[in-house]
Amino acid sequence: MAPRSDFSDWWAKDSRKGTPVVVTMENPNYSVLQIDGPGDEQESFRSMDKGRGKNAKQFTWVLLLKAHRAVGCVAWVAAALWTLLGAIKKRLVSRQGAEAQSDKPRKARLLLTLLRMFLALSLIAFAFELVAHRNGWHFPKPNLHLPENLHMPKKIEVQGWLHLAYLSWLSFRVDYIAYPIQILSYICIILFIIQSADRMILCLGCFWIKLNKIKPRIDEDPFESGDGSEYQYPMVLVQIPMCNEREVMNQIPVFSSISIRCLQLTFPSFWICQVYEQSISAVCQIDWPKDRLLVQVLDDSDDESIQFLIRAEVSKWSQRGVNIVYRHRMVRTGYKAGNLNSAMSCHYVRNYEFVAIFDADFQPDPDFLKLTIPHFKGNPELGLVQARWSFVNRDENLLTRLQYINLCFHFEVEQQVNGVFCNFFGFNGTGGVWRIKALEESGGWLERTTVEDMDIAVRAHLKGWKFMFLNDVKVLCEIPESYEAYRKQQHRWHSGPMQLFRLCLPDIIASKVRRLLETEPP
């Protein structure tokens, strides 16, 4: 295509160099021109532009491109609307199912309704403020203490019924809303200062631990008896609670054993990663005498195909000589707490001294028990030894990296400092070893909250049991990679503690009062 004539002025600035050039093109749509100089060049392009007409084929292509772009925009908008409608429908269906199966008390539903009404009123008030600001009814310098003459404005100042309503709303805010909001602001500032001071103290404690290299140590060989006889390993029970742990194959869920078998026959070299298989395999390979170890696979799955697969995995390890049993509840009540409580009620549990708990996505190292159980020796007040989590998918995406930073602070600072200086921290629900006597004296697993791990930790601490955190012992696990899974996890982690605080507050106050009475001199 020939250059446009708009650049002719720029070309004219250059002096003529070289000899005249004759440009010959094979395309018959273009003319053969002889360029002798800047003036001839400009005249040639002008004459060519005048002589050229509009090409109908090019015009048709332009229209087709514009039509294609318009259709693409319409298709994109339609796909977005369809996705939005699908999400709304999914949310409504899940909400109806949750309401049908919900066991929330009437007070909880009433509180949720009040919160929704408060949110609606807040939006209405915000819209009202925007209208007032647009009409110029706002004050240049807000003053909460308005004079008396502004409470009842003159008729001349009122610009309409909406203006009168806004002035009445200002008067109501000054008399009834401003002071409570000011008090709440002071309370929030005080809570922020307390939390900041707590974080600062924890960071100083972590720095002190690193500086002095403080960590739990075992002075002598824990697997040697003092009288020279053979060391008797304690009886350890390992529990793996799980529920509908579906297989994962390159992030694609497999829902039946038939499909797995078909894939294995079609692609013999295709590797299938199964969540329950990894956990059971890691636990069964723990370095501990087989006659002193029992593995309980606590399956609460309601899918028969998943039950079949987990039962087959348990049978495979049982044939290899591992002391492992499969338990399935017919009535699923209490979720994880109910599952653990049902397993602890077995008659053979009384023969065991310690219990280690691992969720379905946790993979302990073979030396896990040899690094945790020895800390109980010679320390009868120790009720829990908690190991640190190590994440295999921390670099998967931005969400996993942010979770990794948050959880590293939780383990490295919060739990380590509280374990060293206070002998108390919240049980993480997995990756720890409990003394069964401590669980029994604390009342066992209760089904009253969704954070049964924190519940049992608080009750055990009130009974006088001490906790130990091992920052050097790590257990492999995974963190949520999608926002939906992360949202569900955070909802459970944040809603449960508030409910637990309300339930345990009377017990905490009674325990503190009892200790004060016991320490008073006669």
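Where an unreviewed UniProt entry is consulted, the protein appears under the name glucomannan 4-beta-mannosyltransferase, with the organism given as Ensete ventricosum. UniProt's Sequence similarities (unreviewed entry) comment on the protein is quoted here verbatim: "Belongs to the glycosyltransferase 2 family. Plant cellulose synthase-like A subfamily." Under the UniProt heading Subcellular location (unreviewed entry), the entry covering the protein gives this text: "Golgi apparatus membrane".

Student: Give me the packing of aromatic side chains: which residues, what numbers.
Tutor: Across all of its chains, the model carries 14 aromatic pairs by this definition. Geometrically, the ring pair formed by Phe391 and Tyr404 is edge-to-face, given 6.1 Å between the ring centres and 90° between the ring planes. On the criterion of sequence distance, the pair formed by Phe391 in strand 9 (residues 382–391) and Tyr404 in helix 12 (residues 398–421) is long-range, its members being 13 residues apart. Residue Phe391 is classed as buried on the basis of its relative accessible area, which comes to 7%. Ring geometry for Phe427 and Trp434: centres 5.5 Å apart, planes at 85°, overall edge-to-face. Across the pair, exposure class does not vary: Phe427 and Trp434 are buried alike. By the ring-pair criterion, three or more aromatic residues cluster together here, those being Phe362, Trp389, Phe411, Phe424, Phe425, Phe427, Trp434, Trp445, Phe467 and Phe469. The lysine or arginine in question, Arg320, covers the ring of Trp317, its NZ or CZ lying 4.5 Å from the ring centre.

Student: Requested: an account of a positive patch on the surface, with residues and values cited.
Tutor: On the surface, a cluster of positive charge is contributed by Lys463, Lys512, Arg514 and Arg515. Tracing the backbone through its elements, the reader meets Lys512 in helix 15 (residues 483–519).

Student: Provide a residue-level description of the side chain of Gln403, including the pertinent values.
Tutor: Along the polypeptide, Gln403 turns up in helix 12. When near neighbours in sequence (up to four residues on either side) are disregarded, Gln403 contacts Ile479, Pro480, Tyr486 and Gln489.

Student: How would you sum up a nonpolar patch on the surface? Please name residues and give values.
Tutor: A surface patch of nonpolar side chains, amounting to about 1200 Å² of accessible area, comprises Tyr179, Ile183, Leu184, Tyr186, Ile187, Ile189, Ile190, Leu191, Phe192, Ile193 and Ile194. Summarising the element assignment, Phe192 is placed in helix 6 (residues 161–212).

Student: Give me the lowdown on the sheet that holds strand 6 (residues 293–299), citing residues and values where you can.
Tutor: One open sheet accounts for seven strands, arranged 7-6-3-8-10-9-11; its pairing is mixed. Unpaired on one side and paired on the other, strand 7 (324–328) and strand 11 (466–477) mark the two borders of the sheet. Taken over all neighbouring pairs, the strand axes of this sheet differ in orientation by 20° on average, direction set aside. Packed onto the sheet, helix 8 (residues 275–284) meets strand 3 (236–242), strand 6 and strand 7 and runs at close to 175° relative to strand 3.

Student: How would you summarise the pattern of salt bridges if you had to cite specific residues and measurements?
Tutor: Across all of its chains, the model carries 15 salt bridges by this definition. Residue Lys466 is joined to Glu381 by a salt bridge in which the shortest nitrogen-to-oxygen separation is 3.3 Å. With Lys466 in strand 11 and Glu381 in the loop between helix 11 (368–372) and strand 9, this pair connects stretches of sequence that are 85 residues apart. The partly exposed category is assigned to Lys466, whose relative accessible area is 34%. Residues Asp455 and Arg459 are paired through a salt bridge, measuring 3.0 Å at the closest nitrogen-oxygen approach. Of this pair, Asp455 and Arg459 both sit in helix 14 (residues 452–462), four residues apart, which is roughly one turn of that helix. On the basis of relative accessibility, which here comes to 0%, the residue Asp455 falls in the buried class.

Student: Explain the packing of helix 6 against helix 12 to me, and be specific about the residues and the numbers.
Tutor: In helix packing, the relevant descriptors are the interaxial angle and the interaxial distance, both defined with respect to the helix axes. Following both chains from N to C, one finds helix 6 and helix 12 inclined at 80°, their axes separated by 9 Å at the closest point. In terms of axis orientation, helix 6 runs roughly perpendicular to helix 12. Facing Arg199, Leu202, Cys203, Gly205, Cys206, Trp208, Ile209 and Lys210 of helix 6, the residues of helix 12 in contact are Phe409, Glu412, Val413, Glu414, Gln416, Val417, Asn418, Val420 and Phe421. Partitioned by chemical class, the residues of the contact of helix 6 with helix 12 number ten nonpolar, three polar and four charged.

Student: Account for the pairing of strand 6, with residues named and values stated.
Tutor: Of all seven residues making up strand 6, seven are buried, and the element is well covered by its neighbours. Where burial is concerned, the two faces of strand 6 agree: the one with Leu293, Val295, Val297 and Asp299 and the one with Leu294, Gln296 and Leu298 are both buried. Direction of pairing for strand 3 relative to strand 6: parallel, over a ladder of seven bridges. Within strand 6, the residue paired with Gln239 across the bridge is Gln296.

Student: Lay out the confidence of the model for the protein in plain terms, naming residues and giving numbers.
Tutor: The predicted model of the protein has a mean per-residue pLDDT of 78, with 74% of residues at 70 or higher. Taken element by element, the predicted model of the protein shows its lowest mean pLDDT in strand 5 (residues 252–254) (38) and its highest in strand 8 (residues 354–357) (95). Confidence over residues 29–35 falls short of pLDDT 50; this stretch has 14 contacts with residues more than four positions distant or in other chains. Taken together, the stretch residues 249–272 has pLDDT below 50 and engages in 27 contacts with residues farther than four places along the chain or on a different chain.

What counts as what
Residues numbered from 1 in each chain as written. Predicted model: local features only at pLDDT ≥ 70, side-chain atom pairs only at ≥ 80, totals over all residues. Heavy atoms only, no water. UniProt positions renumbered as here; feature names shortened; annotations may be inferred. Phe/Tyr/Trp six-rings, centres within 6.5 Å; stacked < 30°, edge-to-face > 60°. Helix = DSSP H or I, 4+ residues; strand = E, 2+ residues; numbered from the N terminus. Buried < 20%, exposed > 50% of the residue type's maximum accessible area, 1.4 Å probe, protein only. Lys NZ or Arg CZ within 6 Å of the ring centre and 35° of its normal. Patch = residues over 30% accessible without salt bridge, like charges linked within 9 Å, V, L, I, M, F, W, Y side chains within 5 Å. Areas by Shrake-Rupley, 256 points an atom, 1.4 Å probe, with all protein chains shown as cover. Salt bridge = Lys/Arg side-chain N within 4 Å of Asp/Glu carboxyl O. Lys, Arg positive; Asp, Glu negative; His and termini not counted. Charge placed at Lys NZ, Arg CZ, Asp CG, Glu CD. Contact = heavy atoms within 4.5 Å. Pairing = 2+ DSSP bridges. Axes fitted to C-alpha atoms, helices over the stretch in contact; angles between N-to-C directions. Parallel < 35°, antiparallel > 145°, perpendicular 65-115°, else oblique. Nonpolar A, V, L, I, M, F, W, Y, C, P; charged D, E, K, R; others polar. pLDDT = per-residue confidence, 0-100.

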